[in-house]
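Residue-level structural notes
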Amino acid sequence: MDIGVISVRYARALLKSAVDMKLEDQVYHEMQQLSNSYVDVPALRQTIDNPMLSKEKKADLLVVATGENPSQLTRTFINLVLKEDRESVMQFIANSYITLYRKQKNIIRGKLTTAAQVSAETTQKMRQMVESKTNGIVEFETEVDPDIIGGFILEYDTYRMDASVKSKLNLILTQLRK
């Protein structure tokens, strides 16, 4: 069976249970933490996939990876995944849950890249602009990248607006080479 199909099925079941128990927001944050743990600690995946490690140790590791004091639903879910020998797809399940949750709640990810740190007011204005255009809630991330020299790059959904000095200079350079 396909890893994507398996992970989406488990994620859907977890989301349905979380919605029924009114814990979908908490489980969302736990799945984000779990996903981040897999990225931040690459050895976690290898450890969880190790057949010599007991299910109890794997469960303990996954519970710790979900953050402080995870919900009972998440603990039970982790035990179910381990019981069904699906721990190798746990990272994909967490990512699938995040995707399904965002789709259900109409949450869009946005990113603002600037050459220098911008004020919270500017960030809020950009977030509001994106929310008005998408009619959804925006999880906004900001990044400082001095390489763009000036201006900004705004990305959300499939949209990308590059108003950076670097891209303008590259455009001029390309035109001069013709």
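Read on for a plain summary of the structure. (Residues numbered from 1 in each chain as written. Predicted model: local features only at pLDDT ≥ 70, side-chain atom pairs only at ≥ 80, totals over all residues. Heavy atoms only, no water.)

So, the side chain of Arg102
The topology assignment puts Arg102 in helix α6 (residues 90-105). The contact partners of Arg102, leaving out residues within four places of it in the chain, are Tyr28, Gln32, Ile107, Arg109 and Glu139. (Helix = DSSP H or I, 4+ residues; strand = E, 2+ residues; numbered from the N terminus. Contact = heavy atoms within 4.5 Å.)

A few points about the sheet that holds strand β1 (residues 107-114)
Across the sheet, 4 strands lie side by side as β2-β1-β3-β4; this open sheet has mixed pairing. The two strands at the open ends of the sheet, each matched to only one other strand, are β2 (137-144) and β4 (159-164). Going across the sheet, the axis of each strand differs from the next one's by a mean of 15°, ignoring polarity. Examined bridge by bridge, β1 and β2 share 8 bridges and lie parallel to one another. (Pairing = 2+ DSSP bridges. Axes fitted to C-alpha atoms, helices over the stretch in contact; angles between N-to-C directions.)

Side note on the packing of aromatic side chains
Counted by the stated rule, this structure contains 4 aromatic pairs. On the numbers, 6.3 Å between centres and 70° between planes, the contact of Tyr10 with Phe77 is edge-to-face. Placement of the pair is Tyr10 in helix α1 (residues 3-20) and Phe77 in helix α5 (residues 72-83), with a sequence separation of 67 residues. Like Tyr10, the residue Phe77 is buried in the burial classification. When the ring of Tyr97 is compared with that of Tyr101, the centres are 6.3 Å apart and the planes differ by 20°; the resulting orientation is stacked. Taken together, the positions of Tyr97 and Tyr101, both in helix α6 and 4 residues apart, correspond to about one turn of that helix. Judged on exposure class, the residue Tyr97 and its partner Tyr101 are both buried. Through pairs of rings, three or more aromatic residues link up here, namely Tyr28, Tyr97 and Tyr101. (Phe/Tyr/Trp six-rings, centres within 6.5 Å; stacked < 30°, edge-to-face > 60°. Buried < 20%, exposed > 50% of the residue type's maximum accessible area, 1.4 Å probe, protein only.)

Everything listed is a geometric property; what it means functionally is a separate question.
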